[in-house]
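Commentary on secondary and tertiary structure
Each chain, letter by letter, is given below.
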Amino acid sequence: MADFASPAQMWAARDALRVQGASVSLLTDGARLSVEPTGGHVAGADGGAGRPADADVLELRADAATTAVLRLAVPLGDAAGYWHPGAGWDRHLVADWANPWRTVGLVDSAPLGCLYDTAGRALLAFASDRIAATTRVRFGVGEESARFGVWLSMDLAAGETCRIRVQAPGRPWAEAVREVTGGLPDAAPLPVPDAARAPAYSTWYSMHRELTAAGVEAEAVLAAEMGCGVLLLDDGWQLHADGPGYSGSGAWTPDPAKFPDFAAHVRTVQGLDLRYVAWIAPLLVGERTPAYEELARVAPHEVTRLGCRVLDPRRPAARRFAVDSCVDLVRRYGLDGLKIDFLDFAMAYAAEEYAAEELAGGDHAAEVHAVEVHAVEVHKVEVHGADRPTAEESAADENVRTGRDDGTGAGRGASTDAGTGVATAAGPDTGGGTGTGTGTGTGTGKDTCRGVTAEAPADLAVADVADVGLGIRLLLTELRERLRELRGDELLIELRQPYTGPGMRRFGNMFRAADCPADATANRVRTLDTGVLAGSAAVHSDMLMWDPAAPAEAAARQLHSALFSAPQISVALAGQSAEHRAMTAFWLGVRRTYADVLGRGEIRAGRPDQLHQTVTAALGRRAVIACYAEHHLVPLQLAEFTEVALVNSTAGPRVVLDIEDPGVERPGVAGMAGVAGMAGVAGGSGRDIDAPGVAGPGVRVRLDVFDACGRPAASGPRTLGPGLTPIAVPPSGLCVIRPVAPEQSPR
């Protein structure tokens, strides 16, 4: 791809198209640029004409094989920051010369972004439909031109096209991003079962690799009692997991010392009404497993510090091993889904040193357009042809689902897969069955690598696609279809940042924030970032942990960081103090009470560079508002709502509301379903909190205030607004505001 290292090259004068306030120029030859009208209106819900369209689509078409470089530029105006999926903490304006090219693709960020002003409104919002194949991106401020530029560089074959949607300026930045990515063409997203949106319990921070069946089951009982719906078994369950780094990855057989009968253990946890999801890193093969040497041809990239290789997803043999590993794990042990980790390691194959190993010959454009068709055909051959499960395997799968074990091998380390060479690693795992415990594949591959061995056909080790993103899409397409045959619409797949872009909606339904142990600010920012692009998928926090000796108020702020997502609890529940248990139960109860608002409501989060100091979720006449910064005004239009849950996620004793246009009419009273039952409180109790408030018209309300553990702190009537109105809310506490009808208001 073209480098365009200097600002002079990047800002070279070229013919430009004017698109939604942006100047768009093609900086290289060999391609044509045009604007495709989106039509006069966006269709309404009833199929009729809706609101006027406010986006345009650029079409870039290659006349010959070329590296095309495109520039989008706008005047700086009142620009305050630039957001993109991989922004992390860098949300400020950066100089063009200080910001290097970065490669994005299906498993690392996405080719989209938004420049916004000091009011948080979009100045430039765009998204490319190249969401699988890799793109190089650069952006920054032009010092000489006082413009902000975004550069996209991509390899295109003759006849290949790339479409870039550009949103009209003026909308709130998050709304603009949702709109511009919602217009990307893509297949239907993976269905999202209710369990995907439920709070989850993860073993990672609470147990790390020190896992046992008994320990996990004991925590599962407590997690279920607190209202969790999913148990996520993280790294450490597999053989060789206790070695350095990921040197044991690739065998994917339960450690019999930790889980003597893994299938029975899974059934025990599922019997608590918890879905069971297990961790796997399907692209990693560790040096302590046979796969490390046997798959070296299709995993040339070594990560020495972690003791493993990374499978190259452009190669069919690598994809087969990864997919078979995942499917075999779910089928053998009756899992409800998988937590798929380290897919972003595949981006190593987008680096220059692997460029010579790209697809030799052929038509790259045809490759791009044929990827999904190829994946479907592979799936048909693998599942419905040579890879059709034997009668014995079908019986074993049924045993896993029903809890029976008739000796077919369900729940043990050994199994056969007729015709494919899909033989798992020899496993000493001795479940209730009477199988042999030896990996005995009956197909062409004769050892532990599921048919991907030195005896496999040579062409399986050669890349059949040039782009790593397209290889990953082939892998995930086959994996999705094969797992859905086992679990249907109830399948759970967790993916984590940075591979949570719009292209991954087809392959996952639980999008998790990247690891940020005990960092409440990072968890809040990352879950909100993820939610902007998640579509219908459930957004999950990083696993929540806290110091067991910390005050309950401090621990509660970890839960507050995940308020607008599904929290993943990852503390040892059995070791928590009574205070911490009460706090956890209270905030999970708050989340249940407002589940519809938090899960389906409109989220307003402020400017990205200000790290979302106040976040509001609103649905109908109900709202949840979380204040994450002391001495920060919280705007509120009381006339819009009949119920507001105000969370003070600070160490301060109050929240200051800025009551806007309260009016004199009093809205009707809405039911407070669920809150009255929190911590055993009926209608609230404690000292009365009537106060004169600000002189002038206002809204008469009832306030019910709780501390961080759900104990009632105050309750009573109050007149709020207009203007600045302080409300006493304990640190990490909750205040529920409900307007009082005129006939209930004292005269």
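Just above sits the structure.
What counts and what doesn't
- Residues numbered from 1 in each chain as written.
- Predicted model: local features only at pLDDT ≥ 70, side-chain atom pairs only at ≥ 80, totals over all residues.
- Heavy atoms only, no water.
- Helix = DSSP H or I, 4+ residues; strand = E, 2+ residues; numbered from the N terminus.
- Buried < 20%, exposed > 50% of the residue type's maximum accessible area, 1.4 Å probe, protein only.
- Contact = heavy atoms within 4.5 Å.
- Areas by Shrake-Rupley, 256 points an atom, 1.4 Å probe, with all protein chains shown as cover.
- 1 Å grid on protein atoms, 1.4 Å probe; cavity = no way out; pocket = protein on both sides within 12 Å on 5 of 7 lines; lining within 4 Å.
- Points joined across faces, edges and corners; volume = space filled by probe spheres on them.
- Nonpolar A, V, L, I, M, F, W, Y, C, P; charged D, E, K, R; others polar.
- Salt bridge = Lys/Arg side-chain N within 4 Å of Asp/Glu carboxyl O.
- Polar contact = N/O pair within 3.5 Å; in protein donor to acceptor, adjacent residues only side chain to side chain.
- Phe/Tyr/Trp six-rings, centres within 6.5 Å; stacked < 30°, edge-to-face > 60°.
- Lys NZ or Arg CZ within 6 Å of the ring centre and 35° of its normal.
- Arc of directions from axis to C-beta.
- Pairing = 2+ DSSP bridges.
- Axes fitted to C-alpha atoms, helices over the stretch in contact; angles between N-to-C directions.

Before going further, it helps to spend a moment on the overall build of the protein. A count of helices and strands for the protein gives 14 helices and 35 strands. For the protein, with 747 residues in total, the buried portion stands at 58%. By sequence separation, contacts in the protein at least 24 residues apart represent 73% of the contacts at least 6 residues apart. On the protein, roughly 27,000 Å² of surface is accessible, and the fraction owed to carbon and sulfur atoms is 53%.

To continue, consider empty space enclosed by the protein. If you walk through the whole model with that rule in mind, you get seven cavities of 30 Å³ or more. One number sums up the size of the largest cavity: a volume of about 80 Å³. Lining of the largest cavity is provided by W83, P85, S109, Q497, P498, T500, G501, D529, T530 and L533. Split by residue class, the lining of the largest cavity holds four nonpolar, five polar and one charged.

For the rest of this paragraph, the subject is the pattern of salt bridges. Summed over all chains, the structure comprises 38 salt bridges. Between R61 and E59 there is a salt bridge, with its nearest N and O atoms 3.4 Å apart. The shortest N-O distance in the salt bridge between R209 and D235 comes to 2.8 Å. Of this pair, R209 sits in the loop between α3 (204-207) and α4 (213-226) while D235 sits in the loop between β16 (230-233) and α5 (262-270), placing them 26 residues apart in sequence. One exposure class covers both R209 and D235, and it is buried.

Here we come to the side chain of R209. Taking relative accessible area as the criterion, R209 reaches 17% and is therefore assigned buried. Looking at R209, its side chain comes within polar contact range of the main-chain oxygen of G245, at 2.7 Å. Among all residues touching R209, those that are not within four sequence positions of it are W204, D235, G236, A241, D242, G243, G245, Y246 and K258.

Glancing now at the environment of L533. Position of L533 among the secondary structure elements: in helix α11 (residues 520-533). A residue is classified by how much of its surface remains accessible, and L533, at 4% relative accessible area, is buried. Distance from L533 to T181, taken between C-alpha atoms, is 7.4 Å for residues 352 residues apart in sequence. Ignoring any residue separated from it by four or fewer positions in sequence, one finds L533 in contact with W83, P85, L112, V177, T181, T500, G501, P502 and R505.

Across all of its chains, the model carries 16 aromatic pairs by this definition. Taken together, the aromatic side chains of W237, Y246, W252, F259, F262, Y276, W279, Y333, F342 and F345 make up a single cluster linked through ring pairs. The lysine or arginine in question, R496, covers the ring of F342, its NZ or CZ lying 5.4 Å from the ring centre. If you follow R524 out to its NZ or CZ, it ends over the ring of Y628, 4.4 Å from the centre.

Let us now look at unusual backbone geometry. Trans peptide bonds make up the majority, and among non-glycine residues the majority have a negative phi. Cis geometry marks the peptide bond from Q497 to P498; its omega dihedral reads 10°. With an omega dihedral of 0°, the bond running from G721 to P722 counts as a cis peptide bond. By secondary structure assignment, the location of P722 is in the loop between β33 (712-720) and β34 (723-728). Phi is positive for W252, which is not a glycine, with a value near 55°.

Of all the positions in α5, only F262, A263, H265, V266 and V269 are classed as buried. The buried residues of α5 occupy one face: seen down the axis, they fall within an arc of 160°. On its buried face, α5 is in contact with α4, β16, β17 (275-280) and α7 (316-333).

Now for the side chain of R496. Tracing the backbone shows R496 in strand β22 (residues 492-496). Looking at R496, its side chain comes within polar contact range of the side chain of D341, at 2.7 Å. A polar side-chain atom of R496 sits 3.3 Å from a polar atom in the side chain of D344. With sequence-adjacent residues up to four places away left out, R496 is seen in contact with D341, F342, D344, R512 and D515.

Attention now moves to the environment of F321. Relative to the helices and strands, F321 resides in helix α7. Separated by 39 residues in the primary sequence, F321 and P282 place their C-alpha atoms 8.1 Å from one another.

Another point: the sheet that holds strand β7 (residues 66-75). What the six strands build is an open sheet, ordered β1-β2-β7-β13-β12-β9; its pairing is antiparallel. For this open sheet the edge positions go to β1 (16-19) and β9 (102-104), each flanked by a neighbour on one side alone. Averaged over all adjacent pairs, the angle separating strand axes in this sheet is 25°, with direction ignored.

This paragraph deals with the environment of A518. Relative to the assigned elements, A518 resides in the loop between β23 (510-512) and α11. When the C-alpha atoms of A518 and M543 are compared, they prove to be 8.7 Å apart, with 25 residues separating the residues in sequence.

The antiparallel open sheet is built from three strands, whose spatial order is β18-β20-β19. Every interior strand has two partners, whereas the edge strands, β18 (284-286) and β19 (301-303), have only one. Here the average twist between neighbouring strands, direction ignored, is 30°. As defined by bridge partners, β18 adjoins strand β20 (residues 308-310) across three bridges and the pair is classed as antiparallel. When the bridges of β20 are listed, L284 appears paired with V310.

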